[in-house]
Amino acid sequence: MKEKKAIAAIALILLVSALAYPIGADLIAGEKFATEPILPVENEHCRIIDLSGDRMLYQTGNNIYLSELNGPGKIDVGYSISFYPVLNRGGDKFAAFESTSSKLRIHGMASEPDEYVVADEMLNDSKIRDLSWSPDSTRLALVLSNRSVPYALFIYDLETDESVHIFNSSEKFYEPSWSPDGKYMSFMASAGRQSSTNGLYIANLQDSTISLVVTGIGDASRYWPERSDWSPSGDRIAYSSLGDIVLCDPDGGNPFRIACCEKGRCSHLEWSPDGKNILYYFISSESPRLAHIGILNANDGALDEIFAASFQNSYRLSWAGGGTRVAYLIENLGSDNGFVVDLDRPSRSRPSIMISYVLFFVLPACCIAGWYFRSGSRMAV
């Protein structure tokens, strides 16, 4: 009888340990995949301005550099860049708005000298809220505000110096997202003057028409519209609605809703280059200083949180390595901490996780089981 109880106890310990290991591993490890500092800024006091693919724009001292994430080479692009410069998808140039001269300045590589865009009527007395590059880097989507229009969307063609006015709004909206072929844009904004919710808009850039394809997204009075993003194939759009991530067709059809965080908002939403996963970011209202970064499987909706880190002011995220890595910046305690997560390599701390797992789960369970059997033997006597 004792042998049967012992076998049953051991089986129970193993079962509980197997179920507890994934939870315990995440709690103890902190890092699920191998994580390394971004080399050019390791141990430097700097400000990482933007990340795009395998490249970044950063400032140290009075100089601003365009650099590979993990390469020694860097290009000095000068200083005194106003507003928030934005890298293009290839990471080889960036755009910045100079408020004092009402001009856009395009900064390129050494082989492409800096280019001042001719002042356009749309820029006069305007403030740029957001910049977004087209996939081929020939156009810019600009969210502007001025005395007459609180928020307006323009498309600026860098090759022809012509702009097209697309959309006006009395409420904030942020960072439009280009379709892969550059023919459409999606953006989140208030669903109308009398509406209390946000909506998903699709702009047809071929005829400058606008369609409101999804309504009832979140509370417009409490939450600003979030970012949307097109899949690389152009057949799906991801957007966030409070604590959910929603995937839908470009016309708003076939919605697939995934619960991301119950008490918080999911944001960022960036499709991987192969279209299989979506990089996301959320902050829970219960832990407002803890940033959670995860990956959503676009096929089955499975969520995989790859790390959580405390931060104070801002963050940057980007797919790198063709989708095999994630580059991120967490601004904390007045300095930038930039890292690259290698999704193909488990964390090197896994052996220590196993040791901690044995110490914190298996040994206590065995001690409890031993105490139980000893107590049972005494009672029997």
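Residues numbered from 1 in each chain as written. Predicted model: local features only at pLDDT ≥ 70, side-chain atom pairs only at ≥ 80, totals over all residues. Heavy atoms only, no water.

### Topic: the side chain of arginine 55
Then step 1. Inspection of the secondary structure puts arginine 55 in strand E3 (residues 55–60).
Then step 2. Among the polar contacts listed, one links the side chain of arginine 55 to the side chain of glutamate 68, at a separation of 2.5 Å.
Then step 3. Reaching out from arginine 55, the side chain makes a polar contact with the backbone oxygen of glycine 91 at a distance of 2.5 Å. (Helix = DSSP H or I, 4+ residues; strand = E, 2+ residues; numbered from the N terminus. Polar contact = N/O pair within 3.5 Å; in protein donor to acceptor, adjacent residues only side chain to side chain.)

### Concerning the confidence of the model for the protein chain
Then step 1. Residue-level pLDDT values for the protein chain average 76, and 66% of them are 70 or greater.
Then step 2. Predicted confidence is poor over residues 21–29, with pLDDT under 50, and the contacts of this stretch with residues over four places away or in other chains come to 11 contacts. (pLDDT = per-residue confidence, 0-100. Contact = heavy atoms within 4.5 Å.)

### Some words on the sheet that holds strand E22 (residues 264–271)
Then step 1. Across the sheet, which stays open at both edges, the 4 strands sit in the order E22-E23-E24-E25 with antiparallel pairing between neighbours. Of all strands in the sheet, those bounded by a partner on one side alone are E22 and strand E25 (303–310). Each strand axis lies, on average, 25 degrees off the axis of its neighbour in the sheet, ignoring direction. (Pairing = 2+ DSSP bridges. Axes fitted to C-alpha atoms, helices over the stretch in contact; angles between N-to-C directions.)

### Thoughts on the pairing of strand E16 (residues 197–204)
Then step 1. Counting buried positions along E16 gives 8 out of 8 residues, so the element sits mostly inside the fold.
Then step 2. What you see with E16 is no split at all: Thr197, Gly199, Tyr201 and Ala203 on one side and Asn198, Leu200, Ile202 and Asn204 on the other are buried throughout.
Then step 3. Inspection of the sheet shows strand E15 (residues 184–190) paired to E16 by 7 bridges, in the antiparallel sense. Opposite phenylalanine 187, over in E16, you have tyrosine 201 as the bridge partner. (Buried < 20%, exposed > 50% of the residue type's maximum accessible area, 1.4 Å probe, protein only.)

### Observations concerning the environment of asparagine 299
Then step 1. Here asparagine 299 is to be found in the loop between strand E24 (290–297) and E25.
Then step 2. On the basis of relative accessible area, asparagine 299 is assigned to the exposed category, the value being 65%.
Then step 3. Along the primary structure asparagine 299 and phenylalanine 256 are separated by 43 residues, whereas in three dimensions their C-alpha atoms are 9.8 Å apart.
Then step 4. If we skip the residues at most four places from it in the chain, asparagine 299 touches Phe256 and Lys276.

### A few points about the packing of aromatic side chains
Then step 1. What the rule picks out here adds up to 8 aromatic pairs.
Then step 2. Relative to tyrosine 201, the ring of phenylalanine 187 has its centre 5.4 Å away and its plane inclined at 5 degrees; by these criteria the two rings are stacked. On the criterion of sequence distance, the pair formed by phenylalanine 187 in strand E15 and tyrosine 201 in strand E16 is long-range, its members being 14 residues apart. Exposure class is identical for phenylalanine 187 and tyrosine 201. Each is buried.
Then step 3. Centre to centre, the rings of tyrosine 280 and phenylalanine 282 are 6.4 Å apart; their planes meet at 10 degrees, and the pair counts as stacked.
Then step 4. The class of tyrosine 280 is buried, set by a relative accessible area of 3%.
Then step 5. According to the relative accessible area criterion, phenylalanine 282 is buried, its value standing at 8%.
Then step 6. Put simply, the rings of Phe167, Phe187 and Tyr201 touch in pairs and so form one group of aromatic residues. (Phe/Tyr/Trp six-rings, centres within 6.5 Å; stacked < 30°, edge-to-face > 60°.)

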